[in-house]
Protein chains: 2
Amino acid sequence: LNQDCPSEFVAFAGLLAEAAGEAIRPHFRSGLGFDDKADSSPVTIADRAAEAAIRSLIEKAYPDHGIWGEELGMIRPEAEYLWVLDPIDGTKAFLAGKPLFCTLIALMRGGVPILGVIDQPVARERWVGAGGQPTRFNGNPVQVRACAGVAAALLNCTSPLMFRTSEQQQAFAAKIAHFGGDAYGFALIASGFIDLVVEANLQLYDWAALVPVIEGAGGRMTDWQGQRLRLSGSGDVIAAGDGRVHAEALRLVRG
Amino acid sequence: LNQDCPSEFVAFAGLLAEAAGEAIRPHFRSGLGFDDKADSSPVTIADRAAEAAIRSLIEKAYPDHGIWGEELGMIRPEAEYLWVLDPIDGTKAFLAGKPLFCTLIALMRGGVPILGVIDQPVARERWVGAGGQPTRFNGNPVQVRACAGVAAALLNCTSPLMFRTSEQQQAFAAKIAHFGGDAYGFALIASGFIDLVVEANLQLYDWAALVPVIEGAGGRMTDWQGQRLRLSGSGDVIAAGDGRVHAEALRLVRG
């Protein structure tokens, strides 16, 4: 079902992640407090510098491609190829000094993400998912692991408070639940260490890069109705390594 | 108030952390599922191997010292010096593949921790707090940051569900809350990136190493009554970089 992603774009996305990392690393744990004026906080400076670096490379290499960035907005949204960027996903982790934040880079064609990069620039960890190829972690193919159901799963989500009903809260009696993490938790599904991530109200730039990474490793990622994620959707997402966990989690969030 | 820690013990604790890291790293993301039999899970194997390596070094260097380890129990608890060990604090993070777990090594004298090491062996990050010295991160002195109050604070805790009353939950309207992290969050107080950590029901081996790290960086760490942490206490702890945040958080948890 997935469209193949031309290999030149896969290589190019790696260059984009490199450029973003160069822009971000000097600002991580740079010592300024987070309660400085928002415009001069380290995370805002790093966010904008990284997105500017990425956009500049895209404009030079593919001037007819569209770009939608979390920080600097949209150009050519009707182009065949649209790059979707979140230079720092996990700003709270960045501010707390935890190397769990990620740079997210996606390439969409016809509304479908065909390439996704999840890059942690401090630990130098990079997951790349591309249509027609296995997901790779730092160059090596990775795969989801088997898991029979939610009761046996390692669940990751930002906070237990996101489960809206007490039914949902009880239902997510996963074997182990770990909180915090943002995109990093999805990446660890692809590597076979986490079984299930449930999140709500994500923006396009939060989820677009994750889909090819999860699917290319053999996992499933949909909205809470089990449908392919869409630009116009709720941004409520469920990702799982094993289809059985995904199906059960779908029933639970709707129950 | 703090007792000085003899410098030979500070150097020795660094060797202990090195040995633990050597034992742990091969098992991190080693690919076995967490739902294998508990005795053969990667985290259990790493936990025991690390503690055995540390204990062996202590037995050789200081055969009259006591040892209390989370995994392998207690010997010579009445000795003047007692080493308190948690080879892997943050087992959920370890299982999830997140390099946030830490090796905790404390040296206590007369019931008071005079030396604490928080070591993250994958990222090779080490905080060392020792009575009479400034806390060091990878060899360099670090300090807490100023923060006027809880409303301006970056709060870290394992989960928002740990706040027992809705009053507490509302009261902890910190500017930013980030969940997950265990000892790693306390270490980031010492480095001035997190302002406040509140946790409940910690064991001695969870908190003993943290106290010298926090205090040596200028922070405060007590129980929820504002008293020095004791072996016989509840294990409910509050740590803050700024005394104003600590005092306000104390009022909130008791309110």
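Just above sits the structure.
All values reported here derive from a predicted model rather than from experimental measurement.

Asker: Got a sec to walk through the sheet that holds strand S6 (residues 125-130) of chain A? Specific residues and values, please.
Answerer: Residues and elements named next belong to chain A. Overall, mixed pairing links the 8 strands, which are arranged S2-S1-S3-S4-S5-S6-S7-S8 in an open sheet. Only two strands of the sheet have a single neighbouring strand rather than two, namely strand S2 (73-75) and strand S8 (140-141). For strand S4 (residues 102-109) and strand S5 (residues 112-120), the ladder comprises 7 bridges, and the chain directions are antiparallel. Looking at S5, one finds that Met108 is bridged to Pro113.

Asker: Help me get a handle on the nonpolar core, residues and values and all.
Answerer: Among the nonpolar cores identified, the biggest contains 146 residues, and Trp83(A), Leu115(A), Met221(A), Trp83(B), Leu115(B) and Met221(B) are the most heavily contacted of them. Contact partners of Met221(B), with chain neighbours within four places excluded, come to Phe186(B), Trp207(B), Leu210(B), Val211(B), Ile214(B), Glu215(B), Leu229(B), Val237(B), Ile238(B), Ala239(B) and His246(B).

Asker: Break down the relation of the copies chain A and chain B for me, with residues and values.
Answerer: Rotating chain A by 180° and translating it 0.0 Å along the rotation axis places it on chain B, where the RMSD comes to 0.0 Å. Expressed as a symmetry operation, the mapping of one chain copy onto the other fits a two-fold axis. A symmetric contact is evident, with 100% of the interface residues of chain A recurring at the interface of chain B.

Asker: Residue-level account of the sheet that holds strand S5 (residues 112-120) of chain B, with values.
Answerer: All names here are of chain B. Taking strand neighbours across the sheet as the criterion, the 8 strands line up as S2-S1-S3-S4-S5-S6-S7-S8 in an open arrangement whose pairing is mixed. Either end of the sheet is taken by a strand with one partner, and the two such strands are strand S2 (73-75) and strand S8 (140-141). Bridge count between strand S1 (residues 66-69) and strand S3 (residues 81-89): 4 bridges; the pairing is parallel. Across the sheet, the residue bridging to Ile67 is Trp83, located in S3. Lying on the sheet, helix H1 (residues 7-24) is in contact with S3, strand S4 (102-109), S5 and strand S6 (125-130); it crosses S3 at an angle near 30°.

Asker: Would you mind going over the environment of Phe9(A) in detail, with residue names and values included?
Answerer: Residues and elements named next belong to chain A. Its place among the elements puts Phe9 in helix H1 (residues 7-24). Along the backbone, Phe9 and Leu115 are 106 residues apart, and their C-alpha atoms lie at a distance of 8.1 Å. When residues no more than four places from it in sequence are discounted, the contact partners of Phe9 are Tyr62, His65, Tyr81, Trp83, Leu107 and Leu115.

Definitions and cut-offs
- Residues numbered from 1 in each chain as written.
- Chains lettered and ligands numbered in written order.
- Predicted model: local features only at pLDDT ≥ 70, side-chain atom pairs only at ≥ 80, totals over all residues.
- Heavy atoms only, no water.
- Pairing = 2+ DSSP bridges.
- Helix = DSSP H or I, 4+ residues; strand = E, 2+ residues; numbered from the N terminus.
- Core = buried A, V, L, I, M, F, W, Y, C linked by side-chain atoms within 4.5 Å.
- Buried < 20%, exposed > 50% of the residue type's maximum accessible area, 1.4 Å probe, protein only.
- Contact = heavy atoms within 4.5 Å.
- Least-squares fit on C-alpha atoms with pLDDT ≥ 70 in both.
- Axes fitted to C-alpha atoms, helices over the stretch in contact; angles between N-to-C directions.

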